[in-house]
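# An overview of the molecular structure
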There are 2 protein chains.
Amino acid sequence: MRWQDIDQQPCSLARSLAIIGDNWTLLVLRDCFLGVRRFDDFQQRLGVTRHVLSDRLRKLADGGVLEKVAYQERPLRHEYRLTPMGRDLYPVIAHLAQWGDKYLAGDAGPPLVRVHRQCGEPLEAKLQCGHCGDSVEPKDIRLEENPHWAGQLLPTQAG
Amino acid sequence: MRWQDIDQQPCSLARSLAIIGDNWTLLVLRDCFLGVRRFDDFQQRLGVTRHVLSDRLRKLADGGVLEKVAYQERPLRHEYRLTPMGRDLYPVIAHLAQWGDKYLAGDAGPPLVRVHRQCGEPLEAKLQCGHCGDSVEPKDIRLEENPHWAGQLLPTQAG
DNA sequence: AACAGTTAGTTCCAATTAGGAACTGATAGT
DNA sequence: ACTATCAGTTCCTAATTGGAACTAACTGTT
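Please read these numbers as outputs of a predicted model, since none were measured by experiment. Residue numbers run consecutively from 1 along every chain, following the written order of its sequence. Labels are handed out in written order, letters beginning with A for the chains and numbers beginning with 1 for the ligands. Owing to the predicted nature of the model, reporting of local features is limited to residues with pLDDT of at least 70; listing and counting of side-chain atom pairs is limited to 80 or more, with chain, interface and lining totals taken over all residues. With hydrogens and water excluded, all non-hydrogen atoms of the structure serve as input to the side-chain values.

In this section: the interface of chain B and chain A. As a measure of interface size, the accessible area lost when the parts come together is often cited. Throughout, a contact is declared for two residues whenever any of their heavy atoms are within 4.5 Å. Listed per partner, the contact involves 93 residues of chain B and 93 residues of chain A. Approximately 8,400 Å² of surface area, both sides summed, lies buried where chain B meets chain A, with 66% of it carried by carbon and sulfur atoms. Put simply, buried area is the surface a 1.4 Å probe can reach on two separate parts but cannot reach once they are joined, added for both. Interface area lost by chain B to chain A is led by B:Leu13, B:Trp99 and B:Pro111, which between them contribute 8%. By definition here, a salt bridge exists when the distance from a side-chain nitrogen of Lys or Arg to a carboxyl oxygen of Asp or Glu is within 4 Å. Here chain B is connected to chain A by 2 salt bridges. Contacts described as polar in this section are N or O atom pairs within 3.5 Å, which, within protein, must combine one atom able to donate a hydrogen with one able to accept it, while residues neighboring in sequence count only if both atoms come from side chains. In this assembly, chain B and chain A are joined by 39 residue pairs in polar contact (both at pLDDT 80 or more). In this text, helices come from DSSP runs of H or I with a minimum length of four residues, and strands from runs of E with a minimum of two, each type numbered from the N-terminal end. Mapped by element, the contributors of at least two residues to the side of chain B that touches chain A are α1 (12-20), α2 (25-33), α3 (39-46), α5 (84-87), α6 (90-104), β3 (112-116), β4 (125-129) and β5 (141-145) of chain B. Among the elements that line the side of chain B that touches chain A, the one with the most residues is α6(B), at 14 residues. For the side of chain B that touches chain A, the per-class residue count stands at 52 nonpolar, 19 polar and 22 charged. Residues were grouped as follows: Ala, Val, Leu, Ile, Met, Phe, Trp, Tyr, Cys and Pro as nonpolar; Asp, Glu, Lys and Arg as charged; and all remaining residues, including Gly, as polar.

Dropping the structure here:
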């Protein structure tokens, strides 16, 4: 199976990765959350080649994560802004950054601290159940298959 | 800049992506959380080519996300298990899957429902501040630079 | 003893993608 | 007329991927 065909799988993670799972794409989104909007700014901050950046921005716009907004006419130029769909990716980025802070920071410590404005403390992101409010770990989750794909998604218990 | 050199950037997200940001890697981890442990099982479920799978498993093991455990001698064979570091990626996967459920599900609806065992309700993952317990959105976060990289990480306010 | 089966990879080759640098086009400022 | 801005595109080489076959070290079966 080709990587570019994973959007056709009946798996929400696979479909998500079809839009944001390419190399560089999550770094583009990191910069979007930092307020970067223009092609050359992305290119200089990331150091990615221009045609890879062009491809990633097009995929993000086609996927609905970013929208292309004209910021001037003559010559017509566009910038890229997060849509609500894109903003919904913030928890993914926050958890990934926190994971890097925890396991991969060098001697100087984490490069950025994310302070929660409301309480003034560094954010300690946790996965919590929106219904009961408890912290959630992998073992707390039971998976239920949609009957439409019954038996096709989960591995057979063999070990 | 080459993609394989992003682990040298002083950005926790970039360093995280150096380990888990390649194509296929998060799908390998999805299967790990479903209990898949063996090479051929990953290969058949994912449809990825064997040498890409081999490469990704090696990177995950080198990065500390998976550990290679011998499950038999004669002939010596290993399986791959999540480490605590790997298990800490669960929030990332849960949020990505939920995002796909919300925006990318087809007519049949999301393929899997993640039920929180403790409360019996479908998990609605939310990003919450571990300190005050409030839900957190991008605008609620203020970034503080580590003085060691002062002025080098955040974009200059220009737009 | 000969043969098929299991299983974690490796090897080979063609096709695709990435990296690097230069170039384009429309326009503004000097 | 010349330089700068800025979002791309084009060109070429190098690296990676996809697909299929192959290897090695056994076990179980005829």
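Alright, that's what it looks like, and here's the rest.
One heavy atom suffices: a residue is near a molecule or strand as soon as one of its heavy atoms comes within 4 Å of it. The environment of DNA strand D is made up of 24 residues, and the closest members are A:Met1, A:Trp3, A:Asp40, A:Tyr80 and B:Arg56. The protein-proximal atoms of DNA strand D, defined as those within 4 Å of the protein, are 56% sugar or phosphate. A:Ser54 is positioned with one of its side-chain polar atoms (N or O) 3.1 Å from a phosphate oxygen of DNA strand D. Contact distances for DNA strand D include 2.5 Å between a phosphate oxygen and a side-chain N or O atom of B:Arg56. When residues of the surface near DNA strand D are traced back to their parent elements, those giving at least two are α3 (39-46), α4 (50-63), β1 (66-72) and β2 (77-82) of chain A together with α4 (50-63) of chain B. For the surface near DNA strand D, the element with the most residues is α4(B), which contributes 4 residues. A class-by-class count of the residues in the surface near DNA strand D yields 8 nonpolar, 6 polar and 10 charged.

Our next topic: the packing of aromatic side chains. All names here are of chain A. Any pair of Phe, Tyr and Trp rings, taking the six-membered ring for Trp, is counted once the centres come within 6.5 Å. Such a pair is stacked with planes under 30 degrees apart, edge-to-face with planes over 60 apart, and tilted for the rest. Evaluated as defined, the whole model comprises 6 aromatic pairs over all chains. Measuring from ring centre to ring centre gives 5.9 Å for Trp 99 and Tyr 103, while their planes differ by 55°; the resulting arrangement is tilted. Residue Trp 99 and its partner Tyr 103 are located together in helix α6 (residues 90-104), separated by 4 residues, close to a single helical turn. Over a ring means this: the NZ of a Lys or the CZ of an Arg is within 6 Å of the ring centre and within 35 degrees of the ring normal. Geometry around Tyr 71 places Arg 38 over its ring, the cationic atom sitting 3.7 Å from the centre.

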